[in-house]
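# Coordinate inspection notes
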Amino acid sequence: MTLTLDRRAELYPLGQQAMRSMPFRGVELRDAPDGTGASVLRFTGYACVTDSPYEMSDWLGDYTEVVRSGAFAKTTAEADVPFKVNHEGITLARTKSGTMRLSEDSTGLLVEADLDPASPAVATLRSAMDRGDVDEMSFAFRVVRQEWSPDYTQRDITEVNLNKGDVSVVNYGANPATAGASLRADDLAAHLHRLSVDERREVFDRLATEFTPAPIATPSTGLNWRQATARALDLSRPP
C-alpha cells in the first residue's frame with residue numbers, strides 16, 4: 001500500500017503553531033518622536049508577503065504554500081502579539097501596550113514597532129541590523145482556515161491567528177521550509193496514530209529498510225532477509 005498525498009492535510013491540523021520567515025521587505029529603523037519630547041527607535045517592515053507562493057517540504061515531498069490576502073484582517077485587530085528577536089527573549093514591543101501596531105495592506109503583514117533606544121537589547125538589535133548581521137523577519141501563528149488543492153500539492157492559508165504568537169527579527173529563515181515544516185516527536189506520534197494499520201506498517205518497513213544494517217552473510221539457512229537481520233541483531237542469542 002502506498003502513502004498518498006491526501007494524508008498531507010492531517011499533518012497540518014488547524015490550531016497548530018507554525019513559523020514562517022522571509023528576507024527583509026520594506027524594513028526601516030529610524031529615530032522618531034514619541035509625543036513627549038523624547039524619541040523612540042521605530043521599526044517598520046513586513047513579516048509576511050501575501051499571495052506570494054513559496055516552497056515547503058514534508059515527509060510526503062514538496063508542496064507549495066501561499067498565505068492569501070485577507071488572512072490577517074481579523075487577527076490584527078484582536079491579537080496580543082509581542083515583537084522579539086529570534087522568537088525568544090524579552091519583549092521589545094507589544095500590541096497590547098500600544099508600542100506595536102500590526103496591519104494588513106496590499107503587500108502583506110505590516111509591522112510598526114516603537115522600540116526603547118535605552119534598552120541594551122534594542123541597542124544590540126540596532127547594531128546587528130546596521131551591520132547586516134540580521135536581515136530577515138519571521139512570524140509565529142496558528143492556522144484558522146486553509147484550503148488544499150485537489151492533488152494536495154498546494155496549501156492556501158486563508159486565515160491565521162497571531163494571538164500569543166509573535167513577530168521577530170531573525171538570524172536565518174529566508175527559506176520558509178526551514179521554519180515550521182519539521183515535526184516534533186509528539187506531533188509525529190499523533191500523526192502516526194491517525195494512519196491505518198497498513199500505512200503504519202509501510203512506514204515501519206521504510207524505516208527498517210533505511211536504518212537496519214545489512215544482514216551478515218551466512219551460509220544458506222532458509223531465512224528471509226528480515227529473519228536473518230533479526231537473528232544477527234539478537235545479542236542475547238548464544239553463539
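All values derive from a computational prediction rather than experimental measurement. Going along each chain's sequence as written, the residues are numbered from 1 onward. With the structure being a predicted model, the display of local features is reserved for residues of pLDDT at least 70 and the display and counting of side-chain atom pairs for 80 or more, all residues being used for whole-chain, interface and lining totals. Side-chain measures were taken over the full set of non-hydrogen atoms in the model, leaving aside hydrogen atoms and water.

## Brief notes about the environment of valine 144
Only DSSP runs of H or I with at least four residues qualify as helices, and only runs of E with at least two residues qualify as strands; both kinds are numbered from the N terminus onward. Note on placement: valine 144 falls in strand β10 (residues 136–148). On the accessibility criterion, valine 144 (32% relative accessible area) is partly exposed. Distance in space between the C-alpha atoms of valine 144 and valine 160 is 5.1 Å, their sequence separation being 16 residues. Non-local contacts of valine 144, meaning those with residues more than four positions away in its chain, are made with Leu14, Glu159, Val160 and Asn161. Type-normalised accessible area, obtained with a 1.4 Å probe on protein chains alone, sets the label of each residue: buried when under 20%, exposed when over 50%, and partly exposed for intermediate values. The contact criterion used is simple: two residues touch if any of their non-hydrogen atoms lie within 4.5 Å.

## Considerations on the pattern of salt bridges
Salt bridges are counted wherever a side-chain nitrogen of Lys or Arg sits within 4 Å of a carboxyl oxygen of Asp or Glu. Summed over the entire model, instances satisfying the criterion amount to 14 salt bridges. The partner of arginine 8 in a salt bridge is aspartate 58, with the nearest N and O atoms 2.8 Å apart. With arginine 8 in helix α1 (residues 8–11) and aspartate 58 in strand β4 (residues 54–58), this residue pair connects regions lying 50 residues apart in the sequence. Both residues of the pair, arginine 8 and aspartate 58, belong to the buried class. Residue arginine 94 pairs with aspartate 80 through a salt bridge whose shortest N-O separation is 2.5 Å. A residue pair is termed long-range when its members are at least 10 positions apart, and arginine 94 in strand β7 (residues 88–94) and aspartate 80 in the loop between α2 (75–78) and β6 (82–85) qualify at 14 residues. The exposure class of arginine 94 is partly exposed, given its relative accessible area of 31%. The buried category is assigned to aspartate 80, whose relative accessible area is 12%.

## Description of unusual backbone geometry
Despite not being glycine, aspartate 51 has its phi angle at roughly 55°, a positive value. Looking at the secondary structure, you find aspartate 51 in the loop between β3 (39–49) and β4. Positive phi, normally seen in glycine, also occurs at histidine 87, with a value near 60°. Mapped onto the fold, histidine 87 is located in the loop between β6 and β7.

## Quick word on the sheet that holds strand β2 (residues 28–33)
Each pair of strands is called paired provided DSSP finds at least two bridges between the two strands. Spatial ordering of the open sheet is given by β2-β3-β9-β8, a layout of four strands whose pairing is antiparallel. Looking at the sheet topology across the chains shown, the edges are occupied by β2 and β8 (100–104). Here the average twist between neighbouring strands, direction ignored, is 20°. Relative to strand β9 (residues 108–115), β8 runs antiparallel, the two being bridged by five bridges. From the neighbouring strand, methionine 100 faces β9, where its bridge partner is alanine 113. The convention used is that axes are lines fitted to C-alpha atoms, helices contributing only their stretch in contact, and that angles between N-to-C directions extend from 0 to 180 degrees.

## A short note on the confidence of the model for the protein
Taken over all residues, the pLDDT of the protein has a mean of 81, while the share at 70 or more is 73%. How sure the predictor is of each residue is captured by pLDDT, a score from 0 to 100. Taken element by element, the protein is modelled with least confidence in helix α6 (residues 225–233), mean pLDDT 53, and with most confidence in β8, mean pLDDT 97. For residues 174–187, every residue scores under 50 in pLDDT, and the model assigns this stretch 24 contacts once sequence neighbours within four places are set aside. Contacts from residues 235–239, a stretch scored under 50 in pLDDT, to residues over four places away or in other chains number one contact.

## Description of the packing of aromatic side chains
Classification of ring pairs uses Phe, Tyr and Trp, with its six-membered ring standing for Trp, and accepts pairs whose centres are within 6.5 Å; under 30 degrees between planes counts as stacked, over 60 as edge-to-face, and the remaining range as tilted. Inspection of the entire model under this criterion finds seven aromatic pairs. When the centroid spacing of 6.0 Å and the interplanar angle of 35° are considered together, the rings of tryptophan 148 and tyrosine 152 count as tilted. Classification of tyrosine 152 as partly exposed rests on a relative accessible area of 24%. These aromatic residues form a ring-pair network of at least three members: Tyr12, Tyr63, Trp148 and Tyr152.

## Concerning the side chain of threonine 50
Within the fold, threonine 50 resides in the loop between β3 and β4. The residues contacting threonine 50, other than those within four sequence positions of it, are Val67, Arg68, Ser69, Phe72, Glu104, Ser106, Thr107 and Gly108.

## Structural notes on the nonpolar core
By size, the foremost hydrophobic cluster in this structure holds 40 residues, and its most contacted members are Phe43, Phe83, Leu115 and Val167. Beyond its immediate chain neighbours, meaning those up to four positions away, leucine 115 contacts Leu29, Val40, Leu41, Phe43, Phe83, Leu92, Ala93, Val122 and Leu125. Among buried residues, those of type Ala, Val, Leu, Ile, Met, Phe, Trp, Tyr and Cys that are joined through side-chain atoms within 4.5 Å constitute a nonpolar core.

## Here's the deal with the environment of alanine 38
The residue alanine 38 is located in the loop between β2 and β3 in this model. The class of alanine 38 is partly exposed, set by a relative accessible area of 39%. Not counting residues within four places of it along the chain, the set of residues in contact with alanine 38 comprises Ala32 and Pro33.

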